[in-house]
Amino acid sequence: YSPAELSCTSVTHPDRTDGLTVTDFTVETTVENQQDLMYVSQIGCTEAVHGESGVTLNFQHALSSIVFAAIDNDDNADYEINSITIKGKFQIKGTFKELATTKWSGSPESTAVTYAPSVRVTEVPEDQATVFTFGTSALLMIPQAVPADATVSIVYTVKPTTGAPSYTVNTDTQNGPENPIKLKDFLIGGTTGSIIENWAQGTRYTYLIQFGGSKKIFYVPTVTNWTTGA
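Summary of the structure given here. For every chain, the first residue of the written sequence is number 1, and numbering continues from 1 onward in sequence order. With pLDDT at 70 or above as the cut-off, local features in this predicted model cover only qualifying residues; side-chain atom pairs require 80 or more to be listed or tallied, and sums for whole chains, interfaces and linings still use all residues. Just so you know, side-chain values use all the structure's heavy atoms and leave hydrogens and water out.

With that settled, the discussion passes to the overall build of the protein chain. A run of DSSP states H or I qualifies as a helix once it reaches four residues; a run of E qualifies as a strand once it reaches two. Both are numbered from the N-terminal end. A tally of helices and strands in the protein chain yields 2 helices and 20 strands. In this description the radius of gyration comes from C-alpha coordinates, and the expected globular size is given by 2.2 Å times residues to the power 0.38. At 23 Å, the protein chain has a C-alpha radius of gyration far larger than the 17 Å of a compact globule built from 230 residues. Its C-alpha atoms give the protein chain principal-axis dimensions of about 85 × 65 × 40 Å. Burial status follows relative accessibility: with a 1.4 Å probe on protein chains alone, a residue under 20% of its type maximum counts as buried, one over 50% as exposed, and anything between as partly exposed. Put simply, the protein chain has 230 residues, and 35% of those count as buried. In what follows, residue pairs with any heavy atoms lying within 4.5 Å of each other are defined as contacts. In the protein chain, 69% of the contacts between residues at least 6 apart in sequence involve partners at least 24 apart.

Listed below in C-alpha cells is the structure:
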C-alpha cells in the first residue's frame, strides 16, 4: 500500500486470504495534506521468474477524485474563476477492506465539512474547458453516495466585452441561502442527463461550469381533444 505512513488507526495484511485492511482511514479536509491511498496485490511470484525482471505492481486507487472545469460560451463577457468551494455532510473517515464486496464502510459526518481550495485566479477559456484543481491537486474523497445537501460556492469575475466595468459574483449571495447550487444540480450529459448519485472507487469526476451559451428550448405542443358536453 502507499503511502507508507497513513492517517489511520491501523493497517493489517496478515495473509492473502484476509487481504489488506486499513482501519479508520481519514481524508484530510485541507486538500494539500490529503493522501492518495493506493494498494496492489500480486501473488505467485518466484525468484526464478521475477528475479531478473522484477515484480510488476499495478497500484489501484482506493479513493475517488473530484475536479471542476469551466468554459466561456458567452460572447458578451470574459470570466475569471476566483474560488470554488464545496460543503456537505461528507464521509471523511472509513475502513477499507481490499477483499470485501463493499470495500468501504463508515458513516457521513453529522455536521457539514467544507473544502475551500486555494484556486488561483484563472481566466476561463472560450475554446476548451480548463480544469480547476483544489490547491495543487484534485480533491480526494472516500467513495460514497453524493450527499443530497452538498453545495458548491463559486466566486467569479465578469469582464464585459462592451468596456463596462468588471464585477465579481458570489453564487451564494447571488442565489440566496435558500437556493444554493448543489452538486446534484450537475448532470451527466447536460440538461437531459442523469444525476451523479455515487462517487466510485478509482474514478475521477469532472464537474463542468458553463458561462453563457444558453440553448434554445424547443416545444412540442399537443392539444387535448374536446369533450362532448350536454
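From this point, things continue past the structure.
Taken together, the side chains of V55, L57 and F59 define a hydrophobic patch exposed on the protein surface, amounting to about 240 Å² of accessible area. Residue placement: L57 occurs in the loop between α1 (47-50) and β4 (60-61). Given the relative accessible area of 46%, L57 is considered partly exposed. Surface patches are drawn from residues lacking salt bridges whose relative accessible area is over 30%; two like charges belong together within 9 Å, two nonpolar side chains (Val, Leu, Ile, Met, Phe, Trp, Tyr) within 5 Å. Residue-level accessible areas treat just the shown protein chains as cover; the underlying method is Shrake-Rupley with a 1.4 Å probe. Definition used for salt bridges: Asp or Glu carboxyl oxygen within 4 Å of a side-chain nitrogen of Lys or Arg.

Turning our eyes to something else, we now look at the packing of aromatic side chains. Centres within 6.5 Å are what make two rings of Phe, Tyr or Trp a pair, Trp counting through its six-membered ring; a difference in plane orientation under 30 degrees is then read as stacked, over 60 as edge-to-face, and the rest as tilted. According to the stated counting rule, one finds 11 aromatic pairs in the structure shown. Relative to F96, the ring of Y39 lies with its centre 5.0 Å away and its plane at 55 degrees, an arrangement referred to as tilted. On the criterion of sequence distance, the pair formed by Y39 in strand β3 (residues 38-39) and F96 in strand β7 (residues 93-97) is long-range, its members being 57 residues apart. Like Y39, the residue F96 is buried in the burial classification.

Here we take up the pattern of salt bridges. For the structure shown, the criterion picks out 2 salt bridges. Of the charged contacts in the structure, one is a salt bridge between E80 and K159, with a shortest N-O distance of 2.8 Å. In this pair, E80 sits in strand β6 (residues 77-88) while K159 sits in strand β14 (residues 151-160), placing the two residues 79 residues apart along the sequence. We classify K159 as partly exposed; its relative accessible area is 33%. K184 serves as the salt-bridge partner of E197, at 3.1 Å between the closest nitrogen and oxygen. On the criterion of sequence distance, the pair formed by E197 in the loop between β18 (194-195) and β19 (198-199) and K184 in the loop between β16 (181-182) and β17 (187-188) is long-range, its members being 13 residues apart. Taking relative accessible area as the criterion, E197 reaches 41% and is therefore assigned partly exposed.

Turning next to the side chain of S64. By secondary structure assignment, the location of S64 is in strand β5 (residues 64-73). Only 3.4 Å separates the side chain of S64 from the backbone oxygen of W199, close enough to count as a polar contact. Residues within four places of S64 in sequence aside, it is in contact with L139, L140, M141, P143, W199, A200, Q201 and T203. Whenever two N or O atoms come within 3.5 Å, that pair is a polar contact, provided that in protein one can donate a hydrogen and the other can accept it, and provided that, for residues adjacent in sequence, both atoms are side-chain atoms.

By nonpolar core is meant a set of buried Ala, Val, Leu, Ile, Met, Phe, Trp, Tyr and Cys residues that side-chain atoms within 4.5 Å join together. Core analysis: the biggest nonpolar cluster contains 46 residues, and F68, F90, Y115 and W199 have the highest contact counts within it. Counting residues per element, this core draws most heavily on β6, which supplies 5 residues. Residue contacts for W199: discarding those within four places in its chain leaves S64, I66, F90, M141, P143, Q144, V146, L183, Y205 and Y207.

Now for the sheet that holds β7. At least two DSSP bridges between two strands are needed for those strands to be called paired. On the basis of which strands lie adjacent, the open sheet formed by 4 strands has the order β1-β2-β7-β8 and antiparallel pairing. Every interior strand has two partners, whereas the edge strands, β1 (10-12) and β8 (104-105), have only one. Across 3 bridges, the pairing between β1 and strand β2 (residues 21-26) is antiparallel. Directly across from V11, in β2, lies its bridge partner V22.

Its location among the elements puts I188 in strand β17. When its relative accessible area of 46% is taken as the criterion, I188 is described as partly exposed. Expressed as a C-alpha distance, the spacing of I188 and T206, which sit 18 residues apart in the sequence, is 9.9 Å. Setting aside residues no more than four positions away along its own chain, I188 makes contact with G193, S194, I195 and I196.

As paired strands, β2 and β7 are joined by 4 bridges and run antiparallel to one another. Across the sheet, T26 pairs through a bridge with K93, a residue of β7. Looking at chain direction, β7 and β8 are connected through 2 bridges and run antiparallel. When the bridges of β8 are listed, T95 appears paired with S105. In this structure, the hairpin formed by β7 and β8 is closed by a connection of 6 residues.

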